[in-house]
Amino acid sequence: MSFHPMPFALDTARLRLRLWEETDAAGYRALVGERGGDTPTLEDATEEIREARASAPGRGIHLLTLHRNGEDDFLGYCGLIIGRSTVEEPELAYELLRSAHGQGYATEAAAAVVDAARATGRRRLWSTVGAWNTPSFRVLQKVGFRRDHVTSAENGEVVWCVLDL
Ligand SMILES: CC(C)(COP(=O)(O)OP(=O)(O)OC[C@H]1O[C@@H](n2cnc3c(N)ncnc32)[C@H](O)[C@@H]1OP(=O)(O)O)[C@@H](O)C(=O)NCCC(=O)NCCS
């Protein structure tokens, strides 16, 4: 089955979602740093972004960076990935810098990505969430996902949430 490609940029009331640019490398490092593990060097982060941009045209689905309208500050990312699923029924994924939490940005971005996924012709999206992640479940619930089933991973239970488009 073939799908229309997802756009490289999406606009919402407050946000612009767009393809990664090299200027996002510092923000990306900060985001990874907030996870508490190793942070990539600026050079490695920049190279990762270059590779993501180079492969974007052939991919059809994207993780896009989030910015407030008219500003270039990196807030995080939101988009579609294969993740634990498939290209036909990809996963919705998002992660925001702590300083951007609690303002409805993840929900606003996720709703735009859901609309974009529907416009590609896809019928179903998944999202896999750690059982502890209440804010993430709330975002998914607000954009229409429901809990489907649970699997176990090395670091605990993973809840599979589904949205029939
Ligand atoms: C999950 C995440 C993206 C949410 O971003 P956000 O922009 O703050 O989300 P929103 O503001 O759109 O919505 C968050 C909702 O969760 C609620 N919430 C937040 N913390 C909560 C808590 N501890 N208990 C209950 N509800 C909570 C908020 O009140 C809000 O719901 P509401 O609109 O009904 O009030 C952000 O917390 C994040 O980046 N976390 C780390 C990465 C991550 O977990 N990614 C998802 C992996 S599946």
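Structure's up top.
Because the structure is predicted, anything quoted here is derived from the model rather than measured.

### Looking at the packing of aromatic side chains
Step number 1: In total, this model carries four aromatic pairs according to the counting rule given.
Step number 2: Here Trp-20 and Phe-74 contribute two aromatic rings whose centre-to-centre distance is 5.6 Å and whose plane-to-plane angle is 45°, an arrangement assigned as tilted. A residue pair is termed long-range when its members are at least 10 positions apart, and Trp-20 in the loop between strand E2 (15-18) and helix H1 (25-35) and Phe-74 in the loop between strand E3 (63-68) and strand E4 (76-81) qualify at 54 residues.
Step number 3: Taking the relative accessible area as the measure of exposure, Trp-20 reaches 10% and is therefore buried.

### Some remarks on helix H2 (residues 42-55)
Step number 1: The end-to-end C-alpha distance of H2 is 20 Å, a good match for the 20 Å that 14 residues give at a rise of 1.5 Å each.
Step number 2: If you check which residues of H2 are buried, you get Ala-45, Thr-46 and Ile-49. Projected down its long axis, H2 carries its buried residues within an arc of 100°, all on one side. Among the exposed residues of H2, those oriented more than 90 degrees off its buried face are Glu-43 and Ala-54.
Step number 3: Contact partners of the buried residues in H2: H1.

About the criteria used
Residues numbered from 1 in each chain as written. Predicted model: local features only at pLDDT ≥ 70, side-chain atom pairs only at ≥ 80, totals over all residues. Heavy atoms only, no water. Phe/Tyr/Trp six-rings, centres within 6.5 Å; stacked < 30°, edge-to-face > 60°. Helix = DSSP H or I, 4+ residues; strand = E, 2+ residues; numbered from the N terminus. Buried < 20%, exposed > 50% of the residue type's maximum accessible area, 1.4 Å probe, protein only. Expected span 1.5 Å × (residues − 1). Arc of directions from axis to C-beta. Contact = heavy atoms within 4.5 Å.

Note that all results are geometric; they support no functional claim without further evidence.
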